[in-house]
Amino acid sequence: SETSPASETPWTTKVAIVATGNESEKANLAIANEMTKKMIAGDEEAFLSHVHENVSFRYLGDKAVMQGKASYRKGLASWNEMAEHKGTLVSSWAAGDWVASVYDAEATLKRDMPGTENTKGKVVETKQLELLQFADGKVKTHKVQGCKRSNG
């Protein structure tokens, strides 16, 4: 699609982290889980209170990287305008300054998906991998990869 890159560029730095169970990892995991609860409850402002002003967000597979909290907020609003979302946290864990979470997600489309006619009202189910990198107790990098499970 026109929103997808022609190819992916690998991360410039390979990330290999071993979880230690230290207090910082526990705190980051608690914040990530709190953010999940706030998002599910529809409390966007409480969710955004845990996001760094210079956050970088990318849904892997999209061309665009949202840079900064204002762009992130706009993307979140667009995401919520596109569909009604439900999610179930399957698992989450922390290692270093990263938290990884796996979700079963479901979206009922409020309008046609870009480039795809007659998808309004359809349900899209995905397995989501979310990577959050923390700095000073706030999310500074947010990456999401979804794997489509079905399209009803």
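Check the entry above for the structure.
Residues numbered from 1 in each chain as written. Predicted model: local features only at pLDDT ≥ 70, side-chain atom pairs only at ≥ 80, totals over all residues. Heavy atoms only, no water.

Check the secondary structure of the chain and you find three helices and six strands. Per-residue burial for the chain yields a buried fraction of 32% across its 152 residues. A total of about 9300 Å² of accessible surface is found on the chain, and carbon and sulfur atoms cover 54% of it. (Helix = DSSP H or I, 4+ residues; strand = E, 2+ residues; numbered from the N terminus. Buried < 20%, exposed > 50% of the residue type's maximum accessible area, 1.4 Å probe, protein only. Areas by Shrake-Rupley, 256 points an atom, 1.4 Å probe, with all protein chains shown as cover.)

Our next topic: the side chain of Glu25. Within the fold, Glu25 resides in helix α1 (residues 23–40). At 8.4 Å, Lys26 is the nearest oppositely charged side chain to Glu25, a buried residue that forms no salt bridge. Setting aside its immediate chain neighbours within four residues, Glu25 contacts Val18, Ala19, Thr20, Ala94, Ala95 and Gly96. (Lys, Arg positive; Asp, Glu negative; His and termini not counted. Salt bridge = Lys/Arg side-chain N within 4 Å of Asp/Glu carboxyl O. Contact = heavy atoms within 4.5 Å.)

Tracing the sequence through the fold places Leu132 in strand β5 (residues 123–135). As a C-alpha pair, Leu132 and Asp97 span 35 residues in sequence and 8.3 Å in three-dimensional space. Excluding residues that lie within four positions of it along the chain, Leu132 makes contacts with Ala32, Asp97, Trp98, Val99, Val139, Thr141 and His142.

Moving on to the environment of Lys127. Within the secondary structure layout, Lys127 lies in strand β5. Between the alpha carbons of Lys127 and Gly146 there is a distance of 5.7 Å; along the sequence they are 19 residues apart. At 2.6 Å, the side chain of Lys127 and the side chain of Asp104 are in polar contact. (Polar contact = N/O pair within 3.5 Å; in protein donor to acceptor, adjacent residues only side chain to side chain.)

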